[in-house]
Structures are given as structure tokens and as C-alpha cells.
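The residues making up each chain are set out below.
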Amino acid sequence: MLTNSVINWVGFTIQVIGLLLITIELYLPPLAERLKTFLESIQFRLAGKPATKQYWNWVAIVAYIVIWVISVAVVSIMDPPMSIVANVAFTLFTVFLGVVIFVSKVFVRLGIVLGRGNVIGGVGLVLALIGFTIEISKMVFS
């Protein structure tokens, strides 16, 4: 029951944020431009050089693998038969994370295309669609 409430609030929140971004893009163009500039300026400041960005990507991947190996090692020491379960869980989580990252990149590009170059409105449209999809799927599957 608590899960249903959380899913409803997450979908509603995502949808409201998306609709707010669309409203800003449509009715407050100067604010939309400032918001776009602000969001572009707070991107990873270390990502100024492509080599630095690539370095931090590799650091994140290596850190994730190290956490994976240490976690599975600790689990296998404490309860050896559970090591396969830990590996399967990490594998599923990795696949899920990869799919989420891929889908989010696709949605942002789709939002920019649908927003006809208006980044804020396009991303807002995609967020509103994601929130709407969560609400509809909740109604269909409950």
C-alpha cells in the first residue's frame, strides 16, 4: 500500500516539474533563457576538457566495479551460497542502470526535437510524458 502511494507521488511530481518547465518555456522566455544558461553552467565543471570528463567516467566505472567485488567478497565470506545471488543482483542492477541512462538520453534528445530546439520546454515535455506514463501504468496494472 505504501509503495502505491510513493509511485503515485513520484509520477505526480515528475509530471508537475515537466509542466512547470513547459510553462516557463512558453510564457516566460527570458526566465527560460536564464534557466538554460544556468543549467549549462552547472554541468560538471571538471567536464570542461574531454579528457577530464573521460577520466571521471572511468573513475566512476572502476569505483562501481570495486564496490561490486568487495560486496560480493564480503557476502561470500559471510554466506558462501549467497555469492551467486549477490552477483545476479549486481548484474540486474547494472543492466537496469544502463537502461535508465540510455532511456534518459533518448528522452532528452526526443524532448529537444519535440521542443524544436527549446531545451527547457522539450525536457519539460518529456518529463510530463514520463509522469503521465507512470500514472497510466499505475491505473492499468492495479
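Quick caveat, the model's predicted, so the values are computed rather than measured.

Colleague: Looking at this model, I keep getting lost on the overall build of the chain. Mind explaining?
Modeller: From N to C terminus, the chain includes 5 helices and 0 strands. Ordering the α and β elements of the chain from the N terminus gives α-α-α-α-α. Residue burial in the chain is summarised as follows: out of 142 residues, 16% are buried. Sequence-distant contacts in the chain: of pairs separated by 6 or more residues, those separated by 24 or more amount to 59%.

Colleague: Looking at this structure, I do not really get the packing of aromatic side chains. What am I missing?
Modeller: Two measures describe an aromatic ring pair: the distance that separates the ring centres and the angle between the ring planes. One pass over the full model with this rule turns up 5 aromatic pairs. With a centroid separation of 5.4 Å and an interplanar angle of 15°, the aromatic rings of Trp 68 and Phe 90 are classed as stacked. Taken together, the residues span a long stretch of sequence, with Trp 68 in helix H3 (residues 50-78) and Phe 90 in helix H4 (residues 83-114) at a distance of 22 residues. Cluster of aromatic residues (ring-pair linked, three or more members): Tyr 64, Trp 68, Phe 90 and Phe 93.

What counts as what
Residues numbered from 1 in each chain as written. Predicted model: local features only at pLDDT ≥ 70, side-chain atom pairs only at ≥ 80, totals over all residues. Heavy atoms only, no water. Helix = DSSP H or I, 4+ residues; strand = E, 2+ residues; numbered from the N terminus. Buried < 20%, exposed > 50% of the residue type's maximum accessible area, 1.4 Å probe, protein only. Contact = heavy atoms within 4.5 Å. Phe/Tyr/Trp six-rings, centres within 6.5 Å; stacked < 30°, edge-to-face > 60°.

Read these as geometric descriptors, not functional statements.
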